[in-house]
There are 2 protein chains.
Amino acid sequence: MVKKARGVQRREDSLSRERIIEASIELLDSSGESGLTFRALAERLATGPGAIYWHVENKSDLLSAACDAIVARTMDAPLPSATPREAIRALALGMFDAIDDHPWVGSVLARDPAQLPMVRMLERIGQQIRALDVPDDAQWTTVSALLSYILGVSGQNAANAQIARERDADRSHFLDEVASVWSQLDPDDYPFARSVAKQLRDHDDRADFLAGIDLILLGIESAHGR
Amino acid sequence: MVKKARGVQRREDSLSRERIIEASIELLDSSGESGLTFRALAERLATGPGAIYWHVENKSDLLSAACDAIVARTMDAPLPSATPREAIRALALGMFDAIDDHPWVGSVLARDPAQLPMVRMLERIGQQIRALDVPDDAQWTTVSALLSYILGVSGQNAANAQIARERDADRSHFLDEVASVWSQLDPDDYPFARSVAKQLRDHDDRADFLAGIDLILLGIESAHGR
DNA sequence: ACCTGAACACCGTTCAAGT
DNA sequence: ACCTGAACACCGTTCAAGT
């Protein structure tokens, strides 16, 4: 007869916030953002739609929680790197890859700002910005710029992945199409777009992303003495 | 009896793609993205929901068209500026302000990439990147970084505006709340977030945005000789 | 060619009723 | 305390029928 049972004892297969979020992530990964419906989720969890509302406030809450689970995992990964510069690159790449694996995370992050996932990223990157000797009064602006860039690329990438999924998968084929549209634009109105069409066709999203991070890091260093 | 009427003659108050898009923009501006429904639009245009489908493919098409109208307006504004650097700042600020006025544009841009609005921005900024003497093989990456940053900030700003609208309006009050949450975080886990809470409270979105642009411009210059 | 509006297939969310 | 599932109030989209 234990008065206070250790933790909450519960049937293995009963509902819980964690199980709901886990199932949501699976659904989101396999069928995209439009695949997450309370009915589909209820079916997967062998229950009714109403039951989910006992553990979760609403759909927005559910999406945020799923998103935060991914971001937390990513930002809690250990950083073996030596320099702050390398650490920032690793953190940024970690987010890039996470969103590449879970495109819906990009859309969610672009939609609800200033929430828990944001603080996680801000914190982790901010500590490295400090280590870079950026002056106190410039730290907010600096981290903010890095975060915005990361979110911008992520959102864009997520959207691209979504489109590639909607049409019949082939991403490089899709880029070929866009590049070919660009190269047929009016030369007088769109000289630049035409000229980079080839670079669009051959580009590597991940490498471009990192190049942008390096550009910002260069700017940071050049702005503060060294 | 003119055989070929000049242009398409039509009753002043009849439906047209332009009138539909115009009405959509008004609806989006006044009631946000969730305010744009085919039923609300039909009512505003004194017609039925089905009629709209004669001029517009579907809701996604409608949103893209409304978004492109705003971006086109913004990117076609004349640039009195002298240096490419100033021109880039002006173009970036133009987008920032446009999205500040029409927050839904941020969400749409974050969702469908590589479309017409994107090409407009790419072109306009790209021409200035050229003028900045960035080498040919670095132009795509450079413009891409700037665009991602602009989109990232825009999306974030749009989301903030949406949240401020959902709750009862007051934006600075909302920032106060977030800042106060941050400053109450665990000092061991979130030292950085705590330390910038004050800077968050006092910050100016527009100034921060421009500071980020300057950081990237600094990086660009520092990467290519001068 | 263009418009009408009822109808269809889906949502998120609520809630009385059960255990 | 937790779950069930029918019901409600909405969507986007279609389509036979009108002009």
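Residues numbered from 1 in each chain as written. Chains lettered and ligands numbered in written order. Predicted model: local features only at pLDDT ≥ 70, side-chain atom pairs only at ≥ 80, totals over all residues. Heavy atoms only, no water.

Under an unreviewed UniProt entry, chain A has the name Tetracycline repressor protein class H and belongs to Paraburkholderia hiiakae. Entered under Function (unreviewed entry) in the UniProt record, the comment concerning chain A runs "TetR is the repressor of the tetracycline resistance element; its N-terminal region forms a helix-turn-helix structure and binds DNA. Binding of tetracycline to TetR reduces the repressor affinity for the tetracycline resistance gene (tetA) promoter operator sites." (UniProt positions renumbered as here; feature names shortened; annotations may be inferred.)

Undergrad: Could you give me a rundown of the pattern of salt bridges, with the residues and numbers involved?
TA: All names here are of chain B. As enumerated under the stated definition, the model contains 20 salt bridges over all chains in all. Where R17 meets D61, a salt bridge forms, and the shortest distance between an N and an O atom there is 2.8 Å. Note that R17 is positioned in helix α1 (residues 17-31) and D61 in helix α4 (residues 59-75), a separation of 44 residues in sequence. Taking relative accessible area as the criterion, R17 reaches 32% and is therefore assigned partly exposed. Here R44 and E26 are joined by a salt bridge, their closest N and O atoms 3.2 Å apart. Separated by 18 residues along the polypeptide, R44 in helix α2 (residues 38-44) and E26 in helix α1 bring together distant segments of the chain. (Salt bridge = Lys/Arg side-chain N within 4 Å of Asp/Glu carboxyl O. Helix = DSSP H or I, 4+ residues; strand = E, 2+ residues; numbered from the N terminus. Buried < 20%, exposed > 50% of the residue type's maximum accessible area, 1.4 Å probe, protein only.)

Undergrad: Go over the UniProt feature "domain: HTH tetR-type" (unreviewed entry) in chain A with me, naming the residues and quoting the values.
TA: The UniProt record annotates "domain: HTH tetR-type" (unreviewed entry) at residues 14-74 of chain A. Secondary structure within residues 14-74 of chain A divides into 69% helix and 0% strand; the distance between the first and last C-alpha atoms comes to 28 Å.

Undergrad: Tell me what's going on with the nonpolar core, and back it up with residues and numbers.
TA: Ranked by internal contacts, the top residues of the largest apolar core, which has 144 residues, are A:W182 and B:W182. If near-sequence neighbours (up to four positions away) are discounted, B:W182 is found in contact with A:V119, A:L122, A:W140, B:A193, B:R194, B:V196, B:A197 and B:L200. (Core = buried A, V, L, I, M, F, W, Y, C linked by side-chain atoms within 4.5 Å. Contact = heavy atoms within 4.5 Å.)

Undergrad: A description of the protein's contact with DNA strand C should follow, citing residues and the corresponding values.
TA: Lining the immediate surroundings of DNA strand C are 18 residues, of which A:R39, A:Y53, A:K59, B:T47 and B:H55 lie closest. Among all atoms of DNA strand C positioned within 4 Å of the protein, those belonging to sugar or phosphate total 50%. One of the side-chain nitrogen or oxygen atoms of A:R39 is found 2.5 Å away from a base nitrogen of DNA strand C. Between DNA strand C and the protein, one listed contact pairs a phosphate oxygen with a side-chain N or O atom of A:Y53 at 2.8 Å. Only α2 (38-44) of chain A together with α3 (49-52) of chain B provide two or more residues apiece to the surface near DNA strand C. (Near = heavy atom within 4 Å. Polar contact = N/O pair within 3.5 Å; in protein donor to acceptor, adjacent residues only side chain to side chain.)

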